[in-house]
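Take a look at the letters that make up each chain.
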Amino acid sequence: MVCYISPQEDAMKRNSWITVLSVAITVGVLAFLIFMDPDVKNIGSLIKRLNPLALVAAFGCMMVFWLSEAGVVYIGCKFIPGSVSYLHALKVSFIGQYYSALTPFSSGGQPMQVAYMRRWDVPVGSSSSIFAIKYLCWHIGISLAAIFGLWYNWQMLKSQPALMIACIIGMLLNTMGVFAALMVMSKVSLRKPLLWIAKMLVKFRIVKDYESASDGLLTWIEDFNEAMKLGIKHPLGMWGMLMLTFLQIAGYFSVTYCLYKGFGFSGSSWLYVALLQAVLTAAVAFVPLPGASGASEGAFYLLFRTIFSSGTTLTAMVVWRVFTYYSHLVIGSIIAAYGITLALY
């Protein structure tokens, strides 16, 4: 008897294994850091030492992150047909963060956001264009922050060559993505180079199917071509989306500074801490695991032990990860479940 496994079931199995692997790596990294940190036995007292107002401030920074992203989506939706309120945009933002946190390279967020927008009669092509603009704004912001962060922290990073190399690679890949998107939007033909990339992905077994890879890349071109048309029609709206993206990134980078002050430390400015966070974000941006599991924790520990005292670095890393990663999973899962429940009735 032959058992047929559908592509959807196969994809679900692969995603399940990836999730299990990412959890295992995260636990492994945490176990290693706990073993290496002699002050881990004091983690309970260190958490009590953390000023509760710092936790409130850190949550406020995440609110800035979420509300700014919703604002980006809301402004974008003014360019296209359909009725999308700010509350709808906020839901879509949480959905995107949730599925991005569950998938490698954050690849699952945008497709789910596009699918979710259909319930408000937003055409797939239109919503894809909006999220193409949002993608471009985010990567412009992260690329600029990474470049400035690398320059600002160059002397410190010399003592962390592996992190410096990872940051440079991440910065270059982010910047290349921005330039590729801008070239597509400027109607520079990238069809042949992208089809070559699809062949290389298949050759090195990063993806299995050439047709699906090439179709995905060609769809990407179409999305950015449409995004360019929207941008030409609404230049002020695009600038608004970019400015809100900068605010969103600033909120995200500020969480660590809140924890730094919450432990009673001083001596490092907000700019210094934020640009260290920019280096971390660039260094782990292309780790092929959900949430860059393992790499994020390890990079945080290596970078921020220079400003946190012994013992507090591990505690700060755990609390930071709760705010910047696990909060997306918790809140996003509630909204996703609520959306599915509504769809059943």
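Refer to the structure presented above.
Below: a short report on this structure.

1. Digging into the overall build of the protein
- A tally of regular secondary structure across the protein gives 14 helices and zero strands.
- If you list the helices and strands of the protein from N to C, you get α-α-α-α-α-α-α-α-α-α-α-α-α-α.
- Counting across all 345 residues of the protein, residues that qualify as buried make up 48%.
- Across the protein, the fraction of contacts at a sequence separation of at least 24, relative to all contacts at a separation of at least 6, is 76%.
- Summed over all atoms, the accessible surface of the protein reaches about 17,700 Å², with 71% contributed by carbon and sulfur.

2. Side note on the pattern of salt bridges
- In total, this model carries two salt bridges according to the counting rule given.
- Note that K134 is salt-bridged to E69, the shortest N-O span being 3.1 Å. One end of the pair, K134, is in helix α6 (residues 124-152); the other, E69, is in helix α3 (residues 52-77), with 65 residues separating them in the sequence. Of the two residues examined, K134 and E69, each falls in the buried class.
- For R321, the salt bridge goes to E297, with nearest N and O atoms at 2.8 Å. Of this pair, R321 sits in helix α14 (residues 312-343) while E297 sits in helix α13 (residues 295-304), placing them 24 residues apart in sequence.

3. Focus on the packing of α3 against helix α11 (residues 235-262)
- Running from N to C, α3 and α11 point in directions that differ by 170°, and their axes come no closer than 8 Å. In this view, α3 runs roughly antiparallel relative to α11, as classed from their interaxial angle. Judged by the twist between their axes, the crossing of α3 over α11 is left-handed.
- Tallied by class, the residues present in the contact of α3 with α11 amount to 17 nonpolar, ten polar and one charged.

4. Considering the environment of W66
- Relative to the assigned elements, W66 resides in helix α3.
- Here W66 falls in the buried class, since its relative accessible area comes to 3%.
- For the pair W66 and F94, spaced 28 residues apart in the sequence, the C-alpha separation amounts to 7.5 Å.
- In this view, W66 contacts F59, L90, F94, S327, H328 and I331; residues no more than four positions away in its chain are not counted.

5. What to know about the packing of α3 against α6
- One can describe the packing of α3 onto α6 by two numbers: an axis separation of 9 Å at closest approach and a directional angle of 135°. Judged by the angle between their axes, α3 and α6 are oblique. You can see that α3 and α6 cross each other, and the crossing is right-handed. Contact residues: α3 offers F65, E69, V72, V73, G76 and C77, while α6 offers I130, F131, K134 and W138.
- Taken together, the residues of the contact of α3 with α6 break down into seven nonpolar, one polar and two charged.

6. What about the state of the cysteines?
- Under the criterion given, the structure shown has zero disulfides.
- Here C61 stays unpaired: no disulfide links it, and the sulfur of C258, its closest cysteine neighbor, is 3.6 Å away.
- Judged by relative accessible area, C61 falls into the buried class, the value being 13%.

7. Description of the nonpolar core
- By size, the foremost hydrophobic cluster in this structure holds 82 residues, and its most contacted members are M117, F253, L280, F300, L303, F304 and F308.
- Tallying contributions element by element places α11 first for this core, with eleven residues.
- In this structure, F300 is in contact with T256, L280, R305, F308, T313, A316, M317 and W320, ignoring residues within four places of it in sequence.

8. Section: helix α12 (residues 270-284)
- Relative to the 21 Å expected for 15 residues at 1.5 Å per residue, α12 spans 21 Å between its end C-alpha atoms, a close match to the ideal helical length.
- Burial analysis of α12 places twelve of its 15 residues in the buried class, the great majority of the element.
- Turning to α12, its buried residues are V273, A274, L275, L276, Q277, A278, V279, L280, T281, A282, A283 and V284.

9. Some points on the environment of L50
- Within the secondary structure, L50 is located in the loop between α2 (43-49) and α3.
- What makes L50 buried here is its relative accessible area of 4%.
- Distance in space between the C-alpha atoms of L50 and T312 is 9.5 Å, their sequence separation being 262 residues.
- If sequence neighbours within four positions are ignored, L50 has contacts with L55, L259, G262, F263 and V319.

Thresholds, definitions, all that
Residues numbered from 1 in each chain as written. Predicted model: local features only at pLDDT ≥ 70, side-chain atom pairs only at ≥ 80, totals over all residues. Heavy atoms only, no water. Helix = DSSP H or I, 4+ residues; strand = E, 2+ residues; numbered from the N terminus. Buried < 20%, exposed > 50% of the residue type's maximum accessible area, 1.4 Å probe, protein only. Contact = heavy atoms within 4.5 Å. Areas by Shrake-Rupley, 256 points an atom, 1.4 Å probe, with all protein chains shown as cover. Salt bridge = Lys/Arg side-chain N within 4 Å of Asp/Glu carboxyl O. Axes fitted to C-alpha atoms, helices over the stretch in contact; angles between N-to-C directions. Parallel < 35°, antiparallel > 145°, perpendicular 65-115°, else oblique. Left-handed = near helix turned anticlockwise from the far one by under 90°. Nonpolar A, V, L, I, M, F, W, Y, C, P; charged D, E, K, R; others polar. Disulfide = S-S within 2.5 Å. Core = buried A, V, L, I, M, F, W, Y, C linked by side-chain atoms within 4.5 Å. Expected span 1.5 Å × (residues − 1).

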